[in-house]
Amino acid sequence: MLTLLQLSDIHFRKKPEELDEYSQMRVRMLETLEDCCKIEPVNAIIVCGDIAFSGKHEEYEEKAKMFINELQAKTGCSNEQVYMVPGNHDKNRDTQGNNTRALMREGLLYGNSGSQLLSQICQEEPTTLCRLIEPFEEYIKYASRHRCVSSAVLKIYLGEKATVNDKLYWHGEIGTIGDYRVVLYGINSCLVSDWEDRDNPKDENKGHLQYLSKQMYNISRHRDEISISMMHHPLDFIKGGDDIESTMDGKFAIQFYGHIHKPSVQKDDALKIFSGALQPPFKEMESSSDYYPVFNIIQLDIVDGILQVHIQPFVWRWVDDEDGYFERNEMRSYQLKIKNDASRQFPKRKHLKLPENQTARALEIDFMTRSNGENIIKKMYPDFVLKHEPIADFEVFFARLRNDDRYVELYDHLKR
C-alpha cells in the first residue's frame, strides 16, 4: 500500500508569522500529520500548484521552503518524495516580456497548430519560448531541488535548444504496489497564464483558459505501470479539454488537480481528485461555506486485481476564541479496474545500473545538496567546463551520467 499527502493552493505571501492568518492552522496541520504518521507513514507529498502567491523569490525561500521542510520532518519524507507542479500564482507575471507572451498566448490558444508549433519553437527558437518560461524562474529554482521540472523546460530556461527526446512533463516512480510500479507525471497547465487570462468560452463565469500541448500528456505507458497525472488546472479550464480528457483517461488511472479551491472527487473513466485549497483567500470563505482549508490523505492498494483508492479529507474548523482544529471527514473509497496486466511475462526493459535501494532521482537530489558538487563533477569528468551556475552545471552533468550509466560511481563519490 502507498499513502500520499495531497495539498494545493497554499498561496504563500511574504508575511511574518504574526501577521499570517493561517500560521496557527499550519501548526495544527503539522500536529495532525504527526499523529497520522504514527499509524501509517506517508510515502509521498503531492503539491498541485499555487505554492506561492505571485512567484516571488521570498515566497519560496522564506515561506514555502520552511513549510515543506516541516511537512517532510513530520511525515519522514525525503526531498525525493516531494512532488509539485506550478499553478498560475507560481508565475511572476510582472516579468518583462508581456507583449511577447500575449502574442504567443493568442497563437497557442486560438491558432490551429499549437502542438506542432510549440514543438518547433522548443527545438529551433528556445530564446522565443523562454519568454513563456521566464515568469516561472523562482518556481524553477525551487522545484528543481526536488527534480520536478521537465528536461525541455530546464533547457529552454538555460537558453538551450530542446531535442525531440526532451519532455515537456516530468515523471517519477513513487513506489510499487504488488507487481506494479506507480509512476507520477507532472504537467504544467499554466504555460500561457498571464494578466490577460481570457474567459473560458465554455463557462462565462470561469476565466483562466489555458493550453496543453499534446507533448505534455500523450505519454507512452508500460504494462507494469499504474500512471498518475498531476496538474493545477482541471480540464474544463483547458482549450479542447473534452478531447484531451478522453486521451488522458486512457493514460492516467488517477488524476490530481488543484486551482478550484473546493475539494471533490469525480469517477468516470478515471478517478479525478480535486484537492481543494490549503489556504483559500479569506474573501472566498466569507462569501461561501464551500471554501475552507483542507488536505487529503490518500491510500492506494491492490486487492484481487482491483486498484483500491481511499481518500481521507481533513477539513479545518474555525472555533470562536479557540485555535481551531482539523476534522477528519468521512473517508471515500473507490475501485478501479487495472488496464495493464503486470503478471504476464514481458521482455525486461533496460534500466540504468543503480546501487541497491537507490533511484537516479534520489542520487541527483542528494548530489544537489552537497557543497562539493563541483569537485565530484571534475573528478568524474575532467573535461567538464563548469559555468559555476548550479542549475546549468547540474543538468549537463546529469545528462552525461544517464548517457554513460555512471550512477553507481556517483553513489561511491557521495558515500566518501
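Right above here is the structure, for reference.
Residues numbered from 1 in each chain as written. Predicted model: local features only at pLDDT ≥ 70, side-chain atom pairs only at ≥ 80, totals over all residues. Heavy atoms only, no water.

Visitor: Is there a simple way to think about the pairing of strand 2 (residues 44-47) in this case?
Guide: On a regular strand, each side chain points to the face opposite its neighbour's, so the side chains alternate between the two faces of the sheet. Here strand 2 shows no split at all, with Ala44 and Ile46 on one side and Ile45 and Val47 on the other all buried. Sheet topology places strand 1 (residues 2-7) next to strand 2; four bridges connect them, and they run parallel. Paired with Gln6 across the strands is Ile46, a residue of strand 2. Handedness of the β-α-β unit built from strand 1, helix 1 (residues 23-39) and strand 2 comes out right-handed. Sheet analysis places strand 2 next to strand 3 (residues 82-84), joined by three bridges and oriented parallel. Bridge pairing in strand 3 links Ile46 to Tyr83. You can see the chain leave strand 2, run along helix 2 (residues 57-75) and come back into strand 3, and the turn it takes is right-handed. (Buried < 20%, exposed > 50% of the residue type's maximum accessible area, 1.4 Å probe, protein only. Helix = DSSP H or I, 4+ residues; strand = E, 2+ residues; numbered from the N terminus. Pairing = 2+ DSSP bridges. Right-handed = clockwise from strand over helix to strand, strands pointing away.)

Visitor: Explain unusual backbone geometry here, please?
Guide: Here the phi dihedral of Asn357 falls at roughly 65°; this positive angle occurs in a residue that is not glycine. With respect to the element layout, Asn357 can be found in the loop between strand 13 (332-337) and helix 10 (360-368). The backbone of Asp405 sits at a positive phi, close to 55°, despite the residue not being glycine.

Visitor: In this structure, what is going on with the layout of surface pockets? I would like to understand it.
Guide: It is a probe the size of a water molecule, rolled over the atoms, that shows where empty space is left. Estimated volume of the largest pocket: approximately 1,800 Å³. Along its surface, the largest pocket is lined by 47 residues, and His171, Leu352, Ala360, Glu364 and Arg402 are the ones closest to its centre. Broken down by secondary-structure element, the contributors of at least two residues to the lining of the largest pocket are helix 7 (151-157), strand 4 (169-177), strand 5 (180-187), helix 10 and helix 12 (390-404). Residue contributions to the lining of the largest pocket peak at eight residues, all from strand 4. Residue composition of the lining of the largest pocket, by class: 16 nonpolar, 15 polar and 16 charged. Roughly 600 Å³ of volume is contained in the second largest pocket. Lining the second largest pocket are 27 residues, with His11, His261, Pro280, Pro281 and Glu284 positioned closest to its centre. (1 Å grid on protein atoms, 1.4 Å probe; cavity = no way out; pocket = protein on both sides within 12 Å on 5 of 7 lines; lining within 4 Å. Points joined across faces, edges and corners; volume = space filled by probe spheres on them. Nonpolar A, V, L, I, M, F, W, Y, C, P; charged D, E, K, R; others polar.)

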